[in-house]
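Residues per chain, in single letters:
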Amino acid sequence: MKLRARLMALSISTVALIVTLLFALHLDSLTSNWLDSALDRSTGAGHEIQRDIVSRISDAPPRPPDEPIEETKQAWKQVVATDQSLTDAMVEQAAGRSASIVEINIIGEDGHVIASSIPSRVGQAAPRREDLQTIRDSGFLGRLRAIVKSRNDYEIRIPLGMMGERQQTRPIFDVQV
């Protein structure tokens with residue numbers, strides 16, 4: 001092979017390698033931004049529903065201070081389960097935050113859906129999905145694999161519990177977005 005042909009092949013392969021690396025860098029930046037945006041929208045919707053739950057529970061009749069913690073949790077669960085305006089707010093959040101939010105569930109301690117933007121989910125075991133933050137933090141190849149190969153939905157969960165209670169080892173509610 002002549003020197004000119006070797007230099008041409010080397011030049012072309014170098015340019016191809018640089019273009020491929022720049023494309024990969026741009027793709028990594030694009031997927032990071034896309035996942036950051038989805039994470040921000042989901043977290044914002046979850047925190048808004050969390051504030052709504054706290055507001056509904058605060059508006060409920062006060063519980064006696066000597067009431068057992070299990071009865072208090074049951075009363076709170078009842079408030080959340082029967083509040084139609086909370087369910088309406090979840091539907092509005094799911095619909096109003098673009099196509100990135102598929103559903104919003106409020107999950108009880110037992111792992112079952114108490115309230116949902118999809119009414120048929122109520123009473124069922126909450127679906128487990130891969131965590132969106134984990135996908136975001138998984139590095140370039142993990143993000144690329146999740147976007148290219150996976151057709152799953154992802155979730156974030158925002159816990160809501162009692163502060164300072166020793167008996168309370170897990171959240172009373174999880175807001176799943």
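Residues numbered from 1 in each chain as written. Predicted model: local features only at pLDDT ≥ 70, side-chain atom pairs only at ≥ 80, totals over all residues. Heavy atoms only, no water.

A. Helix α2 (residues 69–82), seen in detail. Compared with the 20 Å implied by 1.5 Å per residue over 14 residues, the 20 Å span of α2 between its first and last C-alpha is a close match. Every buried residue belonging to α2 is among I69, T72, K73, A75 and V80, and all of these are buried. Down the axis of α2, the buried side of the element spans an arc of 160°, and every buried residue falls inside it. Relative to its buried face, α2 has exposed residues pointing more than 90 degrees away, namely E70 and T82. (Helix = DSSP H or I, 4+ residues; strand = E, 2+ residues; numbered from the N terminus. Expected span 1.5 Å × (residues − 1). Buried < 20%, exposed > 50% of the residue type's maximum accessible area, 1.4 Å probe, protein only. Arc of directions from axis to C-beta.)

B. The arrangement of the sheet that holds strand β2 (residues 113–116) in detail. Read from one edge of the open sheet, 4 strands run β2-β1-β6-β5, paired in antiparallel fashion. Among the strands making up the open sheet, the edge pair consists of β2 and β5 (157–160). Across the sheet, the axes of successive neighbouring strands diverge by a mean angle of 20°, strand direction being ignored. As paired strands, strand β1 (residues 105–108) and strand β6 (residues 173–176) are joined by 4 bridges and run antiparallel to one another. Bridge assignment links N105 to a residue of β6, and that residue is Q176. Lying over the sheet, helix α1 (residues 3–59) contacts β1, β5 and β6, oriented at roughly 20° with respect to β5. The strands touched by α2 are β1, β2 and β6; relative to β2, the strand with the most contacts, the crossing angle is about 30°. (Pairing = 2+ DSSP bridges. Axes fitted to C-alpha atoms, helices over the stretch in contact; angles between N-to-C directions. Contact = heavy atoms within 4.5 Å.)

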